[in-house]
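Structural overview
Each chain, written out:
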Amino acid sequence: MSQVRTVLGDIPPEELGVCDAHDHLFLRSRQMPGQELDDVAAARGELAAFRAAGGAAVVQWTPYGMGRRTAELAELSRTTGVRLVCATGLHQAAHYDAELLGRLRGSGLAELFVSELTEGIGTTGVRAGLIKVAGGFHALDAHARWTMTAAAEAHHATGAPIAVHLELGTGALDVLDLLCGELGVPGDRVILGHLNRSPDPVVQRQAAASGCWLAFDGPSHAHHATDWRMPEAVRALAEAGFGDRLLLGGDTVVAGGRSVDGGPGMPYLLRRARPRLEVELGAELVERMLAEHPGRAFAVDWR
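This structure is a prediction, so every number in the text was calculated from the model and none was measured.

**Side note on the packing of helix α5 (residues 142-158) against helix α6 (residues 172-182)**
In the contact formed by α5 and α6, the axes pass within 10 Å of each other and the chain directions differ by 35 degrees. Helix-helix and strand crossings are classified by hand; for α5 and α6 the assignment is right-handed. Within the contact between the two elements, α5 uses Arg-145, Met-148 and Ala-152 and α6 uses Val-175, Leu-178, Leu-179 and Glu-182. A breakdown of the residues in the contact of α5 with α6 according to their chemical character gives five nonpolar, no polar and two charged.

Next comes the structure, spelled out in structure tokens:
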């Protein structure tokens, strides 16, 4: 029976509720010094604000080695009443030091992912519910192919979905050629993130035809000039018959982006993006994108 693996245990997909399908409570990267998401009190406040706006669940895409603070997640979920799903996986090489990557190459990356999905992350007892990997700008380098190959192996061992950071929204078809073509991952087990950052309607339709999930995330990121085109792009996909493959997320990646620190944060997804999308798509489809689709995308017949 399909279940969504939350930090407090597995639940039926229909219990997930209104979900921010791509966000971060904690995140640390050498690429963004001084902008870390690592404040537990701020994370608690952000979840409380999201819940007050009508939210019920958040999927944290922060992967291995980037400050997930997994030990804090279960208590945050209990105290705020927001269901949390956390990730295993690996981001682009630039986010890690060479020593860490060398250790991972020598110890079996797929085995690490499987362990975090099935046994737990470190000593926390919290199990990951998805695998996060990343492509490059219009291409897949050797690191991306290595991590995606490991992710596919872990998927085949567990059934877990694979969520993909697309650099500036590019490279979707290369990712699908590798994961679904060469490595045999079913399309509906792949979630492509950041497609709104490269609003190419032809590529988006081609990607959707694989059966994968298309995540439109970060609608409050002012530095992404394409964000205002998101409702139009989503409507075009719905009219092309792909309305049942769409996800929405906030993708807060720096401390200043949180609502409790003066930014738009997680509540923006429901407070501003949702009504804007309802004008373009109608309330019924937007409700399904927020409250039905995430449960389907992240539910697994766990092995």
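There's plenty left to go through after this.
**Regarding the sheet that holds strand β9 (residues 190-193)**
Spatially, the six strands line up as an open sheet ordered β6-β7-β8-β9-β10-β11, and their pairing is parallel. The sheet is open, and its two borders are formed by β6 (87-89) and β11 (246-249), each paired with just one other strand. The mean angle between the axes of side-by-side strands here comes to 30 degrees, regardless of whether they run parallel or antiparallel. Direction of pairing for strand β8 (residues 162-165) relative to β9: parallel, over a ladder of four bridges. The residue of β9 that forms the bridge with Ile-162 is Val-190.

**Notes on the sheet that holds strand β4 (residues 57-60)**
The strand order across the open sheet built from three strands is β3-β4-β5, with neighbouring strands paired in parallel fashion. Across the chains shown, the open sheet's two edge strands, defined by having one partner strand only, are β3 (19-23) and β5 (83-85). When the angles between neighbouring strand axes are averaged without regard to direction, this sheet yields 15 degrees. Examined bridge by bridge, β3 and β4 share three bridges and lie parallel to one another.

Reading the values: rules and limits
- Residues numbered from 1 in each chain as written.
- Predicted model: local features only at pLDDT ≥ 70, side-chain atom pairs only at ≥ 80, totals over all residues.
- Heavy atoms only, no water.
- Axes fitted to C-alpha atoms, helices over the stretch in contact; angles between N-to-C directions.
- Helix = DSSP H or I, 4+ residues; strand = E, 2+ residues; numbered from the N terminus.
- Left-handed = near helix turned anticlockwise from the far one by under 90°.
- Contact = heavy atoms within 4.5 Å.
- Nonpolar A, V, L, I, M, F, W, Y, C, P; charged D, E, K, R; others polar.
- Pairing = 2+ DSSP bridges.

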